[in-house]
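Survey of secondary and tertiary structure
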Amino acid sequence: MLISLIRTIILYLILIVVIRLMGKRELGEMEPSEFVVAMIIADLASIPMQDNAIPLFSGLVPILAILALELILAVASMKSIAVRRLLCGKPVILIENGTLIQNNLRRTRIHLDELTGQLREQGIMDLSTVKYAILETNGQISAFPYAKYQPPKAMEAGISAKDDDLPYTIISDGRLLTDNLQKSGKDRVWLEQLLHRHKCRQKEVLLLTVDKADSIYFCKRDDG
């Protein structure tokens with residue numbers, strides 16, 4: 001039992017490393033080749049987890065081989081358009097100039113309910129407002145409305161807009177992030193004064209962030 005537990009922990013940690021090396025995409029954003037690799041690796045890992053008669057190293061060899069092949073193909077696809085199209089395919093236009101490309105819909109097996117559903121997720125209710133809709137290689141549909149149906153940009157409206165800066169997380173789940181406190185230009189005196197105003201201690205704060213414009217987000221922990 002102990003040996004099985006140790007083998008499972010080792011394989012679990014190795015799988016975490018393997019998935020991290022493959023990248024940080026979500027499941028729905030994986031290319032077909034990446035999805036296949038993830039499925040194969042999961043299946044290969046389950047065999048030495050269940051059968052102690054299989055040497056652990058023998059179980060790791062195919063996993064590492066698949067990972068090496070995936071990394072090689074990833075580099076090859078970055079350098080070669082032909083390889084990239086072979087592994088990932090290429091985008092397919094589903095709507096062009098407001099017209100449904102029915103041959104492409106049939107070829108990609110995208111039915112109208114699926115198309116309209118994905119467009120609604122992007123806030124598009126009327127197909128006549130869409131100039132282009134493109135099926136991307138990860139299975140998602142990108143939609144581009146006609147210019148007159150797009151919200152105006154600040155530059156087009158003659159409005160002077162400032163770029164947003166990422167806020168610094170000062171306290172996360174009661175823990176003080178000292179580096180972020182220094183990067184934000186604040187100090188412990190400022191922090192103590194803020195905590196005093198909210199009548200709480202550091203460990204009672206769930207989240208505290210501040211940006212360069214001194215916009216503060218403060219959330220107290222709800223232990224109840």
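Overview of the structure. (Residues numbered from 1 in each chain as written. Predicted model: local features only at pLDDT ≥ 70, side-chain atom pairs only at ≥ 80, totals over all residues. Heavy atoms only, no water.)

**Details of the overall build of the chain**
We apply this condition: Helix and strand labels come from DSSP, where a helix needs a run of H or I of at least four residues and a strand needs a run of E of at least two; each type is numbered from the N terminus. Summary of the burial criterion: residues with accessible area below 20% of their type's maximum are buried, those above 50% are exposed, and those between are partly exposed, where the area comes from a 1.4 Å probe applied to protein chains only. In this description, contact between two residues means that some pair of their heavy atoms is separated by no more than 4.5 Å. Areas reported here follow the Shrake-Rupley algorithm with a probe of radius 1.4 Å; residue values treat only the protein chains shown as occluding.
On a plain count of helices and strands, the chain comes out with eight helices and eight strands. Looking at the chain residue by residue over its 224 residues, the buried ones come to 27%. Across the chain, contacts joining residues at least 24 apart in sequence account for 47% of those joining residues at least 6 apart. Within the structure as shown, the chain displays about 15800 Å² of accessible surface, and the carbon and sulfur contribution to it stands at 58%.

**Considering the sheet that holds strand 7 (residues 205–210)**
Put simply, the rule is: Being paired, for any two strands, means DSSP has found at least two bridges between them. Note on definitions: angles span 0 to 180 degrees between N-to-C directions of axes, and those axes are lines fitted to C-alpha atoms, for helices only across the stretch in contact.
Overall, antiparallel pairing links the four strands, which are arranged 6-5-7-8 in an open sheet. Edge positions in the open sheet fall to strand 6 (175–176) and strand 8 (216–220), since each of these has one partner strand only. Packed on one face of the sheet, helix 8 (residues 188–197) meets strand 5 (168–172), strand 6, strand 7 and strand 8 and runs near 125° to strand 7.

**Some details on the pairing of strand 8**
When strand 7 meets strand 8, the two strands line up antiparallel, connected through five bridges. Note that in strand 8 the partner of L208 across the bridge is F218. Adjacent in sequence and paired antiparallel, strand 7 and strand 8 are bridged by five residues, among which D214 carries a positive phi angle near 65°.

**Considering helix 6 (residues 112–121)**
Every buried residue belonging to helix 6 is among L115, G117, Q118 and L119, and all of these are buried. Contacts made by the buried residues of helix 6 are with strand 1 (92–96), strand 2 (99–100), helix 5 (102–108), strand 3 (130–135) and strand 4 (141–145).

**Focus: the nonpolar core**
Soluble globular proteins tend to pack their nonpolar side chains together in the buried interior. Rules: Buried residues of nine kinds, namely Ala, Val, Leu, Ile, Met, Phe, Trp, Tyr and Cys, make up a nonpolar core once their side-chain atoms join them within 4.5 Å.
Judged by nonpolar contacts, the single largest core of 14 residues is most densely connected at I170, I171, L191, L195, V205 and L208. Breaking this core down by element, the ones donating at least two residues are strand 5, helix 8 and strand 7. Counting residues per element, this core draws most heavily on helix 8, at four residues. Beyond its immediate sequence surroundings of up to four residues, L208 is in contact with Y168, T169, I170, I171, L191, L194, I216, Y217 and F218. Counting residues in each nonpolar core, the second largest holds 13 residues, with I110, I124, V130 and A143 among its members.

**Some details on the packing of helix 3 (residues 56–79) against helix 4 (residues 81–88)**
The criterion, for reference: What sets the label is the angle itself: under 35 degrees gives roughly parallel, over 145 gives roughly antiparallel, 65 to 115 gives roughly perpendicular, and the rest give oblique. Working rule for handedness: look at the near helix, and if it is turned counterclockwise from the far one by less than a right angle, call the crossing left-handed; if clockwise, right-handed. Throughout, the ten residues Ala, Val, Leu, Ile, Met, Phe, Trp, Tyr, Cys and Pro are labelled nonpolar, Asp, Glu, Lys and Arg are labelled charged, and all others, Gly among them, are labelled polar.
Where helix 3 meets helix 4, the axes come as close as 5 Å, and the angle between the chain directions of the two elements is 125°. Relative to helix 4, the element helix 3 is oriented oblique. Judged by the twist between their axes, the crossing of helix 3 over helix 4 is left-handed. Each of L73, A76, S77, M78 and K79 in helix 3 lies in contact with helix 4, whose residues at this interface are I81, V83, R84 and L87. Classifying every residue of the contact of helix 3 with helix 4 by side-chain character gives six nonpolar, one polar and two charged.

**Examining the pairing of strand 5**
The sheet contact formed by strand 5 and strand 7 spans four bridges and is antiparallel. Directly across from S172, in strand 7, lies its bridge partner L207. Relative to strand 6, strand 5 is paired through two bridges, and the arrangement is antiparallel. Residue pairing for strand 6: I171 is matched across the bridge by L176.

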